[in-house]
Amino acid sequence: MQDDCDRFFVLTGGPGSGKTTLVEALRAQGFATAPEAGRGIIRDQMAIGGPALPWQDRTLFAELMLSWELRSWHAARAEPPGPIFFDRGAPDTIGYLRLCGQPVPDHITSAAEKFRYARRVFVAPPWPEIFIQDEERKQTLDEAERTFSSVTGVYAELGYELVPLPLVPVGERVRFVLDQAGLRGT
C-alpha cells in the first residue's frame, strides 16, 4: 500500500487553524484534495439525527472518521497521477481518541500504520487570531491546542516529518506548502 503514498500530502493540526481554507485554496489552484472527515460526519449525523457526534458518542464518531479517511485514501489511489492534499488523515483518528481519553482499538492503529501518506506532513499550529467556534466546531481554543498536540504526536510516533505551517495569509501558505512538497510550478 506504499506505492502511491509519496503523492498523498496531509494537512493536520487543531480545529480553527486554517487547514480547510488552505486545502480549498490548493483545490482552487487545480490540485486534487480530500475533504476533512469530521465536519462531513457531523453535518450528516445532524441531518439524520444520528448518534455519531463527538459530543454524543465519541467512539462511534471515531469509527466513522476512520472509515471516511480510508475511503478517501482508496479514492485518491484511483485519481490520475499527481499530488493530492488531504484535510487530515487516518492517524488523526488516534489523536482524537487519545485526546478524549478513549482506548485506541488495534484496528485503528493498524490502519494508521498500513495506510501511509507522504513522509512530510504539514501541521497547522494553533492560531488564536483566526479561531472561531460554530455549529460544527464546538471546541474551545484550549481544546484546539490540545488537539494539535495530540494529532502531531501521533504523526511523529508513526515516523512522519512534521512541517509547521507559518501563520501567514492563505496565499503565502499555499506557496510554502508547494515549495516544501517540491511542487512549485506544478
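Check the entry above for the structure.
Bear in mind that the values here come from a model prediction, so they are computed numbers and not experimental data. (Residues numbered from 1 in each chain as written. Predicted model: local features only at pLDDT ≥ 70, side-chain atom pairs only at ≥ 80, totals over all residues. Heavy atoms only, no water.)

A separate point is the packing of helix α4 (residues 91-99) against helix α5 (residues 106-114). Running from N to C, α4 and α5 cross one another at 145°; their axes reach a closest spacing of 8 Å. Each of P91, T93, I94 and L97 in α4 lies in contact with α5, whose residues at this interface are I108, T109 and A112. (Axes fitted to C-alpha atoms, helices over the stretch in contact; angles between N-to-C directions. Helix = DSSP H or I, 4+ residues; strand = E, 2+ residues; numbered from the N terminus. Contact = heavy atoms within 4.5 Å.)

Within α5, burial applies to I108, A111 and A112. The buried residues of α5 occupy an angular sector of 95° when projected down its axis, which confines them to one face. Looking at the buried residues of α5, the elements they touch are α3 (58-77) and α4. (Buried < 20%, exposed > 50% of the residue type's maximum accessible area, 1.4 Å probe, protein only. Arc of directions from axis to C-beta.)

Right, let's get into the sheet that holds strand β1 (residues 8-13). To summarise the sheet geometry, strands pair through backbone hydrogen bonds and adopt either a parallel or an antiparallel arrangement. As summarised here, the arrangement of the five strands in space is β2-β3-β1-β4-β5, forming an open sheet in which the pairing is parallel. What marks the edges here is a single partner per strand, and that holds for β2 (32-34) and β5 (161-164). The average undirected angle you get between the axes of adjacent strands in this sheet is 30°. Summarising the sheet, strand β4 (residues 120-124) and β5 pair through four bridges and their orientation is parallel. (Pairing = 2+ DSSP bridges.)

Before going further, it helps to spend a moment on the packing of aromatic side chains. Evaluation of the coordinates by the stated rule reveals nine aromatic pairs. Ring geometry for F61 and Y96: centres 5.3 Å apart, planes at 70°, overall edge-to-face. Here the residue F61 occupies a position in helix α3, and Y96 occupies one in helix α4, the gap between them amounting to 35 residues. Given the relative accessible area of 14%, Y96 is considered buried. One aromatic cluster in this structure is built from F8, W73, F86, F115 and Y117. (Phe/Tyr/Trp six-rings, centres within 6.5 Å; stacked < 30°, edge-to-face > 60°.)

Here the focus is the nonpolar core. By size, the foremost hydrophobic cluster in this structure holds 33 residues, and its most contacted members are F8, F86, Y96 and Y117. If you list the elements that add at least two residues to this core, you get β1, α2 (37-48), α3, β3 (84-87), α4, α5, β4 and α6 (141-157). Tallying contributions element by element places α3 first for this core, with seven residues. Excluding anything up to four places from it in sequence, Y117 contacts C5, F8, V10, E69, W73, F86, G89, A90, P91 and Y160. Core analysis: the second largest hydrophobic core is formed by 18 residues, L11, L26, F122 and L165 among them. (Core = buried A, V, L, I, M, F, W, Y, C linked by side-chain atoms within 4.5 Å.)

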